[in-house]
Amino acid sequence: MKETTISDAVSIARLLNVNKETVWEIIKGMKYSTYSELAMAVHRAFAL
């Protein structure tokens, strides 16, 4: 598993068309296997 980086946050933010700082706050420190895991984590955070 990989640990998230700011580069991952920028990629996910572009993919989802949301603010990269917000994405970074959501995924900071997460361990993941695929970008889709990170995207789902961001989706869940916005759904709350």
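Residues numbered from 1 in each chain as written. Predicted model: local features only at pLDDT ≥ 70, side-chain atom pairs only at ≥ 80, totals over all residues. Heavy atoms only, no water.

## A short note on helix α2 (residues 20-27)
The test is simple: Whenever two N or O atoms come within 3.5 Å, that pair is a polar contact, provided that in protein one can donate a hydrogen and the other can accept it, and provided that, for residues adjacent in sequence, both atoms are side-chain atoms. Helix numbers and strand numbers start at the N terminus; a helix is a DSSP run of H or I with at least 4 residues, a strand a run of E with at least 2.
Two to three positions downstream of the cap, the backbone nitrogen of Glu21 sits 2.8 Å from a side-chain oxygen, assigning the N-cap of α2 to Asn19. Looking one or two residues beyond α2, the residue adopting positive phi is Gly29, at roughly 85°.

## Some remarks on helix α1 (residues 6-16)
As a reminder, the rule being used: Only protein chains enter the accessibility calculation, which uses a 1.4 Å probe. A residue is then buried if its area is under 20% of the maximum for its type, exposed if over 50%, and partly exposed in between. Directions from the helix axis toward the C-beta atoms define the arc.
Residues Asp8, Ala9, Ile12 and Ala13 constitute the buried set of α1. Viewed along the axis of α1, the buried residues span an arc of 130°, placing them on a single side of the element. Exposed side chains of α1 directed beyond 90 degrees from the buried face belong to Arg14 and Leu15.

## Describing the packing of aromatic side chains
Note the cut-off: Planes of paired rings set the category: under 30 degrees apart is stacked, over 60 is edge-to-face and the rest tilted, where pairs are Phe, Tyr or Trp rings (Trp by its six-membered ring) whose centres lie within 6.5 Å.
Going through the model one piece at a time under the given rule, you end up with 1 aromatic pair. Summarising the aromatic geometry, the rings of Tyr32 and Tyr35 are spaced 6.1 Å apart at their centres and angled 15° between planes, so their arrangement reads as stacked. Overall, Tyr32 belongs to the buried group, its relative accessible area being 4%.

Treat this as a map of the structure, not an account of what it does.
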